[in-house]
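Examining the three-dimensional arrangement
As a plain string of letters, each chain reads:
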Amino acid sequence: MFTPKTGAAWWGFVIGSLVLSAILVAVLQAVPQRFRRPIILTATFIGGLFYALEFFLPVAPMPTPQDPNRMGNFLTPYVVPFADTLPVIAGFTVGLGVINLFLLHGRRILKGATGWTNSLVFFIAFFLMLTFGILDKTAPEGSIPKNIYYLLQEGAYQALDATMFSIIAFYIVSAAYRAFRVRSLEATMLLITAMVVMLGQITVGQMLTNWLPEQSESFWGNFRVEVMRDWILTKANTPAVRAINFGLGVGSLAVALRIWLGLERGSYFDSQR
Amino acid sequence: MSEFLETHKDTLVLWIGAICTLGFYSILYRENRIYRFFEHLFLGLAMGYGVANVWTDTLQPKWWEPLVHRGHWWLIFVMIIGLFYYFVYSPRYNWLARLVIGFFLGVTSGRAFQAFVNDYWPQIPTSFKPVIPHGPVTTPDGQTLPALTWSDALNNILFMVILLCVMSYFFFSFEQKHPVLKRSAQLGRWLMMFTFGAIFGSTIMGRLALMIDRMDFLVNDFGPQIGGPWVMFLVLIGLAGLVLYLSKRAAERGEDTGAI
C-alpha cells in the first residue's frame, strides 16, 4: 500500500487520505468531553513510547552498509525516518507565528491606528523577502531576483540583525552597572570574576599586568590578567558549569517523565473543552 | 534594471547597511519614528527570511518534492498532522490542537532519556581525575601516560571540589540540615557566582565585539563612500555628541526619553 503512485492513482490516494482525515476529525470531535483528557494523555504517552522503547528494549547487532557496527532492536530502523519527519511537521507550524503577526498588523492597518504605516512596512518587507528568498534558489546568477535578494539579505537583513544584537551591548552594560554594585559577597565575587574575564580579553586590560614576568619564567606570571582569565574559563568554570548541567539534566529528565506519564499538572493538561 | 543592479549592488549594499545601522542606533537617544520604521522592517525581513528558509530547506526538499514528484502520497498525512496545530484558532476544535501538541510533548519526553544518557553519562567517568602527582607511566599494553605535575594535581582536586560543592547546592529533595552539606552548598553557591561572573563577562565582551564590528563596517567599509574612513569617524563622533547633548537637555527638562 505504501508504495509510490503516479497519475490518477496518486490523486486517488491523496484525496482518499484527505477524506479519511476529515472523517477522523469528525469522529474525534464527536468524542464526549470527559474522554478528551484521557485521549490527549494517551497520545502523549504513545508519542514518548517509541523513543523510550527503542532505548530500553534489548539490542542486538544490526549492521547496515553505512554502519557495520550498529546495534539496535526492531524499532531502530524507524528512528531516522521518524526523526526526519519531525522537522517537516514543525515546518508547517511556521504559519502560526505568521498568522499572529498578520492579525496584529492587519488589524492596525484596517483601523488606521497609530503606527499603521510601520505595519505596512512589515507586510512589504515580509512579502519581498519571502518572494525573493524563494526565487533566489532557482534564479540564475546576475538575474534581478538574485540581486534583489542580495540587497535585502546582505544589505538590510544582516545589517539590522547585527545592529539589533549589538544594541544589547548598551543594555548589558547598563545591567552590569546595576549588577556590579558591591552589595554582598556574591555580588563582589561576580564583579571580580567578570572584571578579570573582561580585562583579560582586551589589550588594554592585558597591559595592566604585562610588567609581570611570563608564566613559563616565574610563578608570578600566573597573576598576569590573561593567565588568570584563561584559568577561570578553563579550570574553575568548567566543573561548575558541568555540575549545573548535571542538575539541569536530572531536572529535565524528571520533567520529561512527568509529562510522558501525564503526571504534570497545569493549564495544558487540566483544562479541556 | 538588471544591469544597473549587477553593476551597483555592492555600493547599494553598503548604503542600505549604513542607513539601517544608523537608523537602528537612533534608539540610543530615545524611542522615535525612525527606529520604529527600521524595527518593523527588520521584523518583516526576519519573518520572510525564516518562512522562505523553512520552505526551501525543509518543506520543499523533504515534503513537496517526494509527495508531488516521487509519488510518496502518504506524506499528505504529515501535512494533516502539521495542520492540526492550527485548530488553536478555533474555540470549537481547540482540543484537537492539544492532541497533536501532547503527542509531540510525549515525543520530546521520550527523547529525553536518550539525550540524558548521550549527553551526561560520558561526563561522569571523565569527572574522576587523578590527584596524586606522578612521572610518565607505561601501562602493561605499552601505552605511555604523560606525567602529572603538582599544579595539574592541584587543578584536578579543585575540579572535583568545585563539581561536588556545586552539585550539593542542587540537592533539593531534602532540607540541607547537615553542617557538611550546608557548608558545601554554601560554597557551591559562591563558586557559581564565579561562573556567572565569567559567563557575564564573556557575554559583555561578545556583545561589544558585535558593536565594534558595526562601527568597523560604518568607518572602514562604508566610510570610503562619503569621502573616507575619517569623515565617517567624525560623523559618528558628531552623532554621539548630538545624542549626549539631546539626552542631557531632555533630562534637564525632566523628560523620560526611554534611552538606555
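Small disclaimer: the values here were computed from a predicted structure and weren't measured.

In terms of domain boundaries, chain A breaks down into domain 1 (34-83), domain 2 (93-179) and domain 3 (181-264). Measuring from the centre of the C-alpha atoms in domain 2 of chain A to the corresponding centre in domain 3 of chain A gives 36 Å.

By the definition in use, this model includes 39 aromatic pairs over all chains. With 5.1 Å between their ring centres and 75° between their planes, A:Phe126 and A:Phe127 make a pair best called edge-to-face. Owing to a relative accessible area of 2%, A:Phe126 belongs among the buried residues under this scheme. Ring geometry for A:Phe170 against B:Tyr25: centres 6.3 Å apart, planes inclined by 80°, an arrangement best described as edge-to-face. Here A:Phe170, found in helix α6 (residues 144-179), pairs with B:Tyr25, found in helix α1 (residues 2-25), and the two come from separate chains. Assessed through its relative accessible area of 9%, B:Tyr25 is described here as buried.

Every α-helical turn comprises 3.6 residues, leaving residues that sit three or four positions apart pointing alike. Compared with the 39 Å implied by 1.5 Å per residue over 27 residues, the 38 Å span of helix α4 (residues 94-120) of chain B between its first and last C-alpha is a close match. Along α4(B), the helix axis deviates most sharply at B:Gln114, where the bend reaches about 30°.

Looking at chain B, pLDDT values average 89 and 98% of them are 70 or higher. When mean pLDDT is compared element by element in chain B, helix α2 (residues 33-69) of chain B scores highest at 94, while strand β2 (residues 144-145) of chain B scores lowest at 83.

Parameters and conventions
Residues numbered from 1 in each chain as written. Chains lettered and ligands numbered in written order. Predicted model: local features only at pLDDT ≥ 70, side-chain atom pairs only at ≥ 80, totals over all residues. Heavy atoms only, no water. Domains from an automatic or database assignment. Phe/Tyr/Trp six-rings, centres within 6.5 Å; stacked < 30°, edge-to-face > 60°. Buried < 20%, exposed > 50% of the residue type's maximum accessible area, 1.4 Å probe, protein only. Helix = DSSP H or I, 4+ residues; strand = E, 2+ residues; numbered from the N terminus. Expected span 1.5 Å × (residues − 1). Bend = angle between axes of the 7 residues up to and from the residue. pLDDT = per-residue confidence, 0-100.

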